[in-house]
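# Remarks on the overall topology
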Amino acid sequence: MAGKRLARLNEQMKREISGILHAKVRDPRIGSPRITAVEVTQDLWVAKVFIYSSGDAEDRTRTLEGLEAAAPFIRKALGDVLRIRRIPELRFVEDRTLDHAMRIERILQEVLPPEGQDEGDVEEGAAAGDGTVSDDPDADAGTDAGERGP
């Protein structure tokens, strides 16, 4: 039961923090980061807020510094909206899953052949007689149904 409540609280905090950042926070260092997830601990003391911010490493560092400076203000604004006894301490963490996914995608594109090329390779292999199975029933005439190869 507590798991469902915590999941709902995570989603609600994600929505509320996003709204507060876009409507009320005026720190120019922050820019417009995207809140990807919020993880609140079981005891509601700490909430990790995962953010994704575009730009280079220096911009992302500035964004995190601005968010840390604005954390007490955001926490107070959350207290006005949320109906829980204790508003968790906010810790902002850079979410790098999108960067990892894009890196994996680039690696896969380098390793895997283009989509149109792999179909042509299969047809060329069958024409070369490389042991692929054909649709012609007479092609395997030398093999008896009861015999099995090594």
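Our subject in this report is the structure included herewith. Only a predicted model underlies this, so the values are computations on that prediction, with no experimental measurement involved.

### Focus on the overall build of the protein chain
On a plain count of helices and strands, the protein chain comes out with four helices and three strands. Secondary structure of the protein chain in N-to-C order comes out as α-β-β-α-β-α-α. The buried share of the protein chain, taken over its 150 residues, is 25%. For the protein chain, long-range pairs separated by at least 24 residues make up 61% of all intrachain contacts whose partners lie at least 6 apart in sequence. Carbon together with sulfur atoms contributes 51% to the accessible area of the protein chain, which is approximately 11,100 Å² in total.

### So, a nonpolar patch on the surface
A surface patch of nonpolar side chains, about 460 Å² in accessible area, is lined by Ile-104, Ile-107, Leu-108, Val-111 and Leu-112. Tracing the chain through its elements places Ile-104 in helix 3 (residues 97-111). Given a relative accessible area of 48%, Ile-104 falls into the partly exposed group.

### Digging into the pairing of strand 1 (residues 34-40)
Looking at chain direction, strand 1 and strand 2 (residues 46-52) are connected through six bridges and run antiparallel. In the sheet register, Val-38 faces strand 2, and the bridge partner there is Val-49. Count of turn residues in the strand 1/strand 2 antiparallel hairpin: five residues, of which Leu-44 carries a positive phi of about 65 degrees.

### Some thoughts on the pattern of salt bridges
A complete count under the given rule lists six salt bridges for this structure. A salt bridge links Glu-58 to Arg-62; the shortest N-O distance between them is 3.0 Å. With a gap of four residues between them, Glu-58 and Arg-62 both fall in helix 2 (residues 57-81), about one helical turn apart. We note a salt bridge from Asp-59 to Arg-62, for which the minimum N-O separation is 3.1 Å. Of this pair, Asp-59 and Arg-62 are both found in helix 2, three residues apart, which corresponds to roughly one turn of the helix. The exposure class of Asp-59 is partly exposed, given its relative accessible area of 28%. Given the relative accessible area of 35%, Arg-62 is considered partly exposed.

### What to know about helix 1 (residues 2-23)
The end-to-end C-alpha distance of helix 1, which contains 22 residues, comes to 31 Å, matching closely the 32 Å that a straight helix rising 1.5 Å per residue would cover. Looking at helix 1, one finds that the buried residues are Leu-6, Leu-9, Asn-10, Met-13, Ile-17, Ile-20 and Leu-21. Summarising the axial view, the buried residues of helix 1 lie within an arc of 105 degrees, below the 170-degree limit, and thus occupy one face. Relative to its buried face, helix 1 has exposed residues pointing more than 90 degrees away, namely Lys-4, Arg-8, Arg-15 and His-22. Buried-residue contacts for helix 1 involve strand 1, strand 2, helix 2 and strand 3 (89-94).

### Let's talk about the pairing of strand 3
Where strand 2 meets strand 3, six bridges bridge the pair, whose relative direction is parallel. Bridged to Val-46 within strand 3 is Glu-89. Each parallel crossover has a hand, and the one from strand 2 via helix 2 to strand 3 is right-handed.

### Some remarks on the sheet that holds strand 2
Neighbouring strands of a sheet are bound in pairs by backbone hydrogen bonds; such pairs are parallel or else antiparallel. One open sheet accounts for three strands, arranged 1-2-3; its pairing is mixed. Of all the strands in the sheet, just strand 1 and strand 3 have a single pairing partner and so form its edges. If you compare each strand with its neighbour and ignore which way they point, the axes differ by 25 degrees on average. Here helix 1 sits on the sheet and contacts strand 1, strand 2 and strand 3; the angle it forms with strand 1, its principal contact strand, is near 140 degrees.

About the thresholds
- Just so you know, the residues in each chain are numbered from 1, in the order the chain's sequence is written.
- Only residues with pLDDT of 70 or above have their local features reported here, since the model is predicted, and side-chain atom pairs are shown and tallied only from 80 upward, although totals for entire chains, interfaces and linings are computed over all residues.
- With hydrogens and water set aside, each side-chain value is computed from the structure's full complement of heavy atoms.
- Runs of E in the DSSP output that reach at least two residues are strands. Runs of H or I that reach at least four are helices, and both are numbered from the N terminus.
- Burial here depends on accessible area, computed with a 1.4 Å probe over protein chains only, as a share of the maximum for the residue type. Under 20% is buried, over 50% is exposed, and the range in between is partly exposed.
- Pairs of residues are marked as contacts when any of their non-hydrogen atoms sit within 4.5 Å.
- A 1.4 Å probe and the Shrake-Rupley method give the accessible areas. Residues count as covered only by the protein chains that appear here.
- The patch calculation keeps residues exceeding 30% relative accessible area without a salt bridge and links them within 9 Å when they carry like charges or within 5 Å when they are nonpolar (Val, Leu, Ile, Met, Phe, Trp, Tyr).
- Whenever Lys or Arg places a side-chain nitrogen within 4 Å of a carboxyl oxygen from Asp or Glu, that contact is recorded as a salt bridge.
- By definition, two strands form a pair when at least two bridges between them are found by DSSP.
- In this scheme, a helix's expected span is set at 1.5 Å multiplied by one less than its residue total.
- Note that the arc is defined by the directions from the helix axis to the C-beta atoms.
- By convention a crossover is right-handed if, when the strands point away from the viewer, the path from the first strand over the helix to the second runs clockwise.
- Helix axes are fitted to C-alpha atoms over the stretch in contact, other axes to C-alpha atoms as well, and angles between N-to-C directions run from 0 to 180 degrees.

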